[in-house]
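# Examining the three-dimensional arrangement
Below, each chain spelled out in residue letters.
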Amino acid sequence: MMQAGGPDASRLLLQRVREVAATVVDKQDRLDAISTEIAEVMGAEVCSIYVRHGDSRLLLTATRGLNAQAVHNTTLAVGEGLVGLVAESARPVNLPEAAAHENFAYRPETGEEAFHSFVGVPLLRGGLVIGVLTVQNVRPRAYARDEVDALQTVAMLVAEVAAAHEPPSDDIGEDPRPVRLEGRVLNAGVALGAAYMHEARLPVQNMVSGGDPAGEIARVDEALEEMHRALDDRFHAADLAGEGEHREVLQAYRMFAEDRGWLSRIREAVRGGLSAEGAVVRIQEQMRARMRQLRDPFFRERLHDLDDLSNRLVQHLAGEAGRMQKDELPADAVVVARNMGPAELLDYPRERLRALLLEEGSHTAHVVIVARALDIPVLGDLKDISAIAEAGDRVAVDGENGQVFIRPGAQVEQNFLHAMQMRDERRAQFAVLRDKAARSIDGVEVSLNINAGLLIDIQQVAAVGAEGVGLYRTEIPFMVRSRFPDVEDQQRLYSRALDLSEGRPLVFRTLDIGGDKVLPYWRLAEEENPAMGWRALRLTLDRPQMLRQQLRAMVRAAAGRDLHVMFPMVAEVSEFERAKAVLNAEIERERNRGRDVPASVFAGTMLEVPALVWQLPALLQITDFISVGSNDLLQFFFAADRANPRVAARYDLLSPAVLAFFAHIVDSAEGANRPIAFCGEMAGGVLEAMTLIGLGFRKLSVAPASVGPVKAMLRSTEVAPLADYVRSLVGLPDRTVRDKLRAYALDHDIPL
Ligand code: PEP
Ligand code: MG
C-alpha cells in the first residue's frame, strides 16, 4: 500500500490498471481486479465502480470492500446520494466525513456505514458521464488534491474498460425507416444529399505514456507548432467573401490555440503518466463535461472551440495517420454532427458541402456564423440526429421550414427535388424583381427592409434589393465578442455597418440585453421572468454609461451621414424622452468638441410593450418613427412566452384579436405623419405581410430571404380591396382567420 498523490501515484495507478486491462480477459474479473488495484495504491479500504445504465441509473458493478452481494443489485439515481451527485455534476466529490453531507444516501446492503471518507470521480467518455469511481476509508481522511487528480486520470482508463459493460443500447441507428425531424433554422436554404457523420476525434489507442514524460511533452509541443501553422494556412486559404464577425470568430479561435492554461494542463497530465494523446483527451473530457452543464451559450461556445482544438491536436499527434480522411466524403455531403467548431467546417471542401445538421447549435454559435459566411444551410436542435442518421443515408434538408427527412424514399426525394427546382426558379424570379419597385397593382408603395444582427447579414441588403436595414440588433455583435467593446471598437463596428449598407438607411437598435440575452463579460442575476425583467432600455437607462458609450459610438460612426437610432422595450413615453436626451447630449458633446456630427438624426422607438400602444398620440408627437416589434409585443399581448415551445405556437398571429390590435395601432398613427414600420419576424411570412399591408403598414423589415417573396406578393396585389377585406375580419369570433386570408390570396391570384 502507498499513499501518495501527484505524478507518482498517477503513474503507478495507470501502470497497474493497464496491466490488468491487458491481462484479465473476463470483463467482470477485470473490473474487480481494477478496483482492488486502485484501493491498494490509494490506501483505501473500498474502491467501487458504478456504471450508468440508461439515462438515470447507476449500478454498482464492481467493488473492493463493500458487500459483494450488493454488486449488480445496488443502484442509485443520477443526482441521488454522493455517487449520484458525482454523476450529475460530472465533478469529483471529496469528503472526509461522507455521512455529514446532505446528499449521503445510505444503502444497508452495501455495509457502507463503516466508512467515513469518500472520494468519487466521474467516468467520462465522449463528454458524457458513463459511471463513477469511488474510494472510501474507515478513518476520516482528507484526500489531497493531487490524489483526487490521480484518480481522475486513472478514471479515463477505467471508463474505457467500463464502457464494455454498457448493455447494448436500443440502436435507433439500425432503423431503416424514413424519419422526419424538426429543428431550428440557423441558416436558411434547402439541400438534398448523402449523410456524412462528422467524426470529431480520432480514436486514441495509447493513453498511457511509455515512461518518457519529457519525450511526450516534446511531442505535444511539436504537434502544437504544426497545428498553429496548419490553422494559419487554413484560415488564409478559406475563401470567405466579405467581412464580418466570422473573421473575429476565427481569430478568437486562433488565439485559443495559444491558451496557456489549456496547454499547461495538458503538460501536467503528461507528467501524471499519460501519453501526449491521453493527456489531451483527459483535459478535453473534463472540459466536455463542464460544457454540457453550462447554460450560457457564450461560454459553451468558447469551451467548444477548445474541444475542437483538442481534436485537432490529437490529429496532429497522430501524424500522417491523423490527416483528415475526407476522400470518402460524398460529393453532395450533408454533414451531421452533435456540434462543431468553426475551423472544423473549413476542413470540408466547400464544393462538396450541401448542408450542416447539428444536434445543438444556436444563431450565435461560431460554426453557424462561419456557415452563414459560406452560405451553407444549417439546422440546429435536431435531437438525436447523430444516432438516427447513418453515413450514406439520403437526407433532404428543408431549411426554410426547419425540417429534415432522413431516408426519405424515392417518392419523397422526387417531390423534394421538384420543390428545389421550383424554389430555384422562384429565386431566379426574385432576382429579376430585385431592381423592380415594391409597388402594388394599384400603385401602393411599400418600403421593404431587412433585419440584421451580424455584419454579414447587412451585406444582404444590396443583394436582395432592400431599401435599407430596418433593424440592426446591436446586441448580437456584443454576444459573439469576448469582452465588452469600448467606444472605439463600437465606432469601428457601426461605421462598417453603415459602409456595408451603401448609403441605404440603417436603423441601429440600442442594446437589448438582459433577461435571456446574456453577455459573458457581464453577469446578471437570474430572474423569474427575464422577458419582462431588467432588459433592454430599462437596463441601459439604469446604467447610463453603457447607453452613453453606445450612442457616442453611433454618433461618431455616422458623422456626416444619416443616423437612425431606435430604442427597445420602451414602456412609457418618459423612457423614450430620457433616452433621446442622452442621444442629444452626445451629439452636443461632439459638436462642442468641434467634431463632425451626423448630417441628420432620427430617433425612434420599438413598439414592443402593449402599454405604449395606449400612449401613441403623445409618443408620436416626439418620436421620429416607430417600429412594431411583434415578437415581443404579441408575447405580452397573449401572455405566452415566445421562448417556451409549449405555448409559443398556441395562439395564431393571424387572429381577429391581433388584427384588431394592429388596426388600432395603424389608426392611431394616422395623421401623425410619422413613419410606422413593422420589424417583428412575422412580417417575413408572405401571408402575414399581405395582411399587414392590408391593415395599412407601409414599411416592413424582414429576414433577407423574405424580401423577394414579399415583393412578388405585393406586385400581384391590389391593396384597396385587400384593405377592405382584412378590416372585415376584425371582430370575428374565429380563433384564427388564416384560412380565410389564404383563400382570399388564392382567389385573387396573389402568390404565397
Ligand atoms: C421584436 O420583439 O419583435 C423584435 C424585433 O425584437 P427582438 O426579436 O430582437 O426581441
Ligand atoms: Mg423584441
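### Some remarks on the side chain of serine 501
Assignment of secondary structure puts serine 501 in the loop between α17 (487-500) and β17 (506-509). For serine 501, the side chain forms a polar contact with the main-chain oxygen of leucine 498, separated by 2.9 Å. Sequence-distant contacts of serine 501, defined by excluding residues within four places in its chain, comprise Ile458, Val461, Val469 and Leu506.

### Some words on the coordination of the magnesium ion (ligand 2)
Within the protein, the atoms that donate to the magnesium ion (ligand 2) are Glu608 (OE) and Asp632 (OD), at distances of 2.0 Å. Highlighted residues: glutamate 608 in the loop between β19 (600-607) and α21 (610-613) and aspartate 632 in helix α23 (residues 630-637), separated in sequence by 24 residues. One exposure class covers both glutamate 608 and aspartate 632, and it is buried.

### Quick notes on the pairing of strand β15 (residues 447-452)
The buried fraction of β15 is high, at 6 of 6 residues. Alternating positions in β15 separate into two faces, Ser447, Asn449 and Asn451 on one and Leu448, Ile450 and Ala452 on the other, with burial throughout. Of the pairings in the sheet, the one linking β15 to strand β22 (residues 699-702) comprises 4 bridges and is parallel in character. From the neighbouring strand, asparagine 449 faces β22, where its bridge partner is serine 701.

### Concerning the confidence of the model for the protein chain
Summarising the model, the protein chain shows a mean pLDDT of 89, and 95% of its residues fall at 70 or more. Taken as a whole, residues 168-175 scores under 50 in pLDDT and shows 7 contacts with residues more than four places along the chain or in a different chain.

### Here we look at the site of ligand 1
The local shell around ligand 1 holds 14 residues, among which Arg473, Arg509, Gly629, Asn631 and Arg642 are the closest. Measuring from an oxygen atom of ligand 1, one finds a side-chain N or O atom of arginine 473 at 2.7 Å. One of the backbone N or O atoms of aspartate 632 is found 3.0 Å from an oxygen atom in ligand 1. Bound to the protein, ligand 1 loses 98% of the 290 Å² it would expose on its own. Those elements that provide at least two residues to the shell around ligand 1 are β16 (468-473) and α23. Among the elements that take part in the shell around ligand 1, α23 stands out by supplying 3 residues, more than any other. Split by residue class, the shell around ligand 1 holds 3 nonpolar, 4 polar and 7 charged.

### Description of the packing of helix α19 (residues 544-557) against helix α20 (residues 573-592)
For the pair α19 and α20, interaxial distance at closest approach is 9 Å and the crossing angle is 50°. On the basis of the axis angle, α19 is oblique to α20. Seen from above, α19 lies across α20 with right-handed handedness. Contacts between α19 and α20 involve Leu547, Arg548, Leu551, Arg552, Val555 and Arg556 from the first element and Ala579, Val582, Leu583, Glu586, Ile587, Arg589 and Glu590 from the second.

### Some words on the pairing of strand β5 (residues 117-125)
When you tally the buried positions in β5, you get 8 out of 9 residues, the bulk of the element. Across 3 bridges, strand β4 (residues 93-95) lies against β5 in antiparallel orientation. Bridging across to β5, asparagine 94 finds its partner in valine 119. Pairing geometry for β5 and strand β6 (residues 128-137), over 9 bridges, is antiparallel. Residue leucine 123 lies in a different strand from β6, and its bridge partner there is glycine 131. Between the antiparallel neighbours β5 and β6 lie 2 residues, among them glycine 126 with a positive phi of about 60°.

Reading the values: the criteria
Residues numbered from 1 in each chain as written. Chains lettered and ligands numbered in written order. Predicted model: local features only at pLDDT ≥ 70, side-chain atom pairs only at ≥ 80, totals over all residues. Heavy atoms only, no water. Helix = DSSP H or I, 4+ residues; strand = E, 2+ residues; numbered from the N terminus. Polar contact = N/O pair within 3.5 Å; in protein donor to acceptor, adjacent residues only side chain to side chain. Contact = heavy atoms within 4.5 Å. Donors = N, O, S within 2.8 Å, 3.2 Å for Na, K, Ca; no water. Buried < 20%, exposed > 50% of the residue type's maximum accessible area, 1.4 Å probe, protein only. Pairing = 2+ DSSP bridges. pLDDT = per-residue confidence, 0-100. Near = heavy atom within 4 Å. Areas by Shrake-Rupley, 256 points an atom, 1.4 Å probe, with all protein chains shown as cover. Nonpolar A, V, L, I, M, F, W, Y, C, P; charged D, E, K, R; others polar. Axes fitted to C-alpha atoms, helices over the stretch in contact; angles between N-to-C directions. Parallel < 35°, antiparallel > 145°, perpendicular 65-115°, else oblique. Left-handed = near helix turned anticlockwise from the far one by under 90°.

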